[in-house]
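Residue strings, one per chain:
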Amino acid sequence: MEQLVTLGEFLRSCRARLVPDEVGIPRTGRRRVSGLRREELAQLAGMSVDYLTRLEQGRARTASHAVLDSLAAALRLDGAERAHLFDLAADHRPPSGAGDRALQEVNATTRRLLSALDDAHSPAFVLGRYTDVLAGNRLASALITDFAALPPHDRNQARFVFLDPYARELYAEWESVAADTAAMLRMEAGRRPDDRVLSELVGELSVRSPAFRSLWADQRVIERADGRKAYHHPVVGDLTVSYQAMLIAGQEDQTLFVYTTRPASRDETALRLLASWDTSVAPEASRAGR
């Protein structure tokens, strides 16, 4: 099976994004390539052009820690991009397995926490590997969609964002959400380059969503920790939440996302109003009335 992501592709993409002026390389004459030339990156990273060529062409698939550090610095990679670079160049990766979703179970303690966050008017949900939605509280179902009511195949954040037309209406900044979702999947692909289930998901999204194909080709990666998200909800209108992503201790590849709003804000009022609805009915009813 062809690897989802490769070291050479990532290096070429990062090199193409760099503006010569930003790294102290004066523009001289007409440039035939966007970004840095290969010899310019080699000079910045302190390595031979031949070795960089072999890395970019896949003829040298691993590199030392010192070489990767030099490349990360020369390419001005952020934390997520640097981690992705090291994943792609790893000599020994953990076995990716067949990607059995049944192995990912949300424990009782986490489910009680999700319920308690309902009482705090905080939507919350757990994402597993492949952006599968493993569990969520009632308010998350009311705000986003009731993933538990969907067929197991469709309980997936990436499929929802790219394949469900409702997502384009729900997310006020859909383009940004879509870009981040694709970047999260690419980050995961660096850790699991031979994972069959992940490969099938990326293949499905690439076939069914031109937007995903374009974003996947960008080679962008992110490690989500916190941020904001704007919604245009059919029941309560426009609202913006802040989110925090937290790894669940002792649970492999499970991340808890918690949404909050500023106290006494219009956004908090909107979430309280949403919580007052019958959440087993409101999401589907609101979608049916689009």
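For the structure itself, consult the block above.
All of these numbers come straight from a predicted model, not from anything done at the bench.

Chemist: So what's going on with the overall build of the chain? Which residues, and what values?
Modeler: For the chain, the count of helices and strands is 14 helices and five strands. Each of the 290 residues in the chain was classed as buried or not, and the buried ones make up 51%. Accessible surface, the chain: about 14,300 Å² in total, of which carbon and sulfur atoms supply 51%.

Chemist: Run through the sheet that holds strand β2 (residues 133-136), naming residues and quoting values.
Modeler: Across the sheet, which stays open at both edges, the five strands sit in the order β2-β1-β5-β4-β3 with antiparallel pairing between neighbours. Two strands close off the open sheet at either side, each with one partner strand: β2 and β3 (226-233). Across this sheet, the average inter-strand angle for adjacent strands is 30°, counted without regard to direction. When β3 meets strand β4 (residues 237-247), the two strands line up antiparallel, connected through eight bridges. By the bridge assignment, His232 is partnered in β4 with Asp238. Where helix α6 (residues 108-119) meets the sheet, its contacts fall on β1 (124-127), β2 and β5 (255-260), and the angle it forms with β1 comes to roughly 150°. Along the sheet face, helix α13 (residues 266-276) touches β3 and β4 and points at about 90° away from the line of β4.

Chemist: Can you lay out the environment of Pro152 for me, pointing to particular residues and giving the numbers?
Modeler: Here Pro152 is to be found in the loop between α7 (138-143) and α8 (157-163). Note on Pro152: relative accessible area 60%, which makes it exposed. When the C-alpha atoms of Pro152 and Val133 are compared, they prove to be 9.5 Å apart, with 19 residues separating the residues in sequence.

Chemist: Run through the packing of helix α5 (residues 79-88) against helix α10 (residues 174-191), naming residues and quoting values.
Modeler: Relative to each other, α5 and α10 sit at 35°, their axes nearing to 8 Å. Here α5 contributes Ala80, Ala83, His84, Asp87 and Leu88 to the contact with α10, which in turn contributes Arg186, Met187, Gly190 and Arg191. Partitioning the contact of α5 with α10 into residue classes produces four nonpolar, two polar and three charged.

Chemist: Kindly report on the packing of aromatic side chains, identifying the contributing residues and their values.
Modeler: A complete count under the given rule lists twelve aromatic pairs for this structure. An angle of 70° between the planes, with centres 6.2 Å apart, marks the rings of Phe160 and Tyr171 as edge-to-face. Remark: Tyr171 occurs in the loop between α9 (165-170) and α10 and Phe160 occurs in helix α8; sequence separation between them is eleven residues. For Phe160, a relative accessible area of 4% corresponds to the buried category. For the ring pair Phe212 and Trp216, a centre distance of 5.6 Å and an interplane angle of 25° mean the geometry is stacked. Taken as a pair, Phe212 and Trp216 lie in helix α12 (residues 210-217) at a separation of four residues, close to a single helical turn. Judged by its relative accessible area of 11%, Trp216 falls in the buried class.

Chemist: I'd like to hear about the pairing of β2, residue by residue, with values.
Modeler: Pairing of β1 with β2, which is carried by three bridges, proceeds in the antiparallel orientation. In the strand pairing of β2, Phe125 is matched with Gly136.

Chemist: Could you give an account of helix α1 (residues 7-17), naming the residues involved and the relevant values?
Modeler: Looking only at α1, the buried set comprises Leu7, Gly8, Phe10, Leu11, Ser13, Cys14 and Arg15. Buried residues along α1 sit against α2 (38-45), α3 (49-56), α4 (65-74) and α5.

Chemist: Account for the environment of Asp69, naming residues and giving values.
Modeler: Tracing the backbone shows Asp69 in helix α4. Look at Asp69 and you get partly exposed, because its relative accessible area is 29%. Once residues within four sequence positions are removed from consideration, Asp69 is found in contact with Arg82 and Phe86.

Chemist: How would you summarise unusual backbone geometry if you had to cite specific residues and measurements?
Modeler: Phi is positive for Thr131, which is not a glycine, with a value near 60°. Here Thr131 lies in the loop between β1 and β2. Non-glycine residue Gln219 carries a positive phi angle of around 65°. On the secondary structure map, Gln219 appears in the loop between α12 and β3.

Chemist: How would you explain helix α11 (residues 196-208) if you had to name every residue and give the values?
Modeler: When the terminal C-alpha atoms of α11 are compared, their 18 Å separation across 13 residues agrees well with the 18 Å that a helix rising 1.5 Å per residue should span. Here α11 starts with a cap whose side-chain oxygen sits 3.0 Å from the backbone nitrogen of Val197, and that cap is Asp195.

Chemist: I'd love a proper account of the nonpolar core, names of residues and values included.
Modeler: Counting 75 residues, the largest nonpolar core has Leu71, Leu85, Ile144, Tyr171 and Tyr231 as its most contacted members. Counting nine residues, the second largest nonpolar core, distinct from the first, contains Leu117, Ala124, Ile248 and Val258.

Chemist: Residue-level account of the pattern of salt bridges, with values.
Modeler: Enumeration according to the criterion identifies 19 salt bridges in this entry. The residue Glu188 makes a salt bridge to Arg191 at a minimum N-O spacing of 3.4 Å. Of this pair, Glu188 and Arg191 both sit in helix α10, separated by three residues, roughly a single helical turn. Exposure remark for Arg191: the relative accessible area of 30% places this residue in the partly exposed category.

Parameters and conventions
Residues numbered from 1 in each chain as written. Predicted model: local features only at pLDDT ≥ 70, side-chain atom pairs only at ≥ 80, totals over all residues. Heavy atoms only, no water. Helix = DSSP H or I, 4+ residues; strand = E, 2+ residues; numbered from the N terminus. Buried < 20%, exposed > 50% of the residue type's maximum accessible area, 1.4 Å probe, protein only. Areas by Shrake-Rupley, 256 points an atom, 1.4 Å probe, with all protein chains shown as cover. Pairing = 2+ DSSP bridges. Axes fitted to C-alpha atoms, helices over the stretch in contact; angles between N-to-C directions. Contact = heavy atoms within 4.5 Å. Nonpolar A, V, L, I, M, F, W, Y, C, P; charged D, E, K, R; others polar. Phe/Tyr/Trp six-rings, centres within 6.5 Å; stacked < 30°, edge-to-face > 60°. Expected span 1.5 Å × (residues − 1). Polar contact = N/O pair within 3.5 Å; in protein donor to acceptor, adjacent residues only side chain to side chain. Core = buried A, V, L, I, M, F, W, Y, C linked by side-chain atoms within 4.5 Å. Salt bridge = Lys/Arg side-chain N within 4 Å of Asp/Glu carboxyl O.

Just geometry here; none of it tells us what the structure is for.
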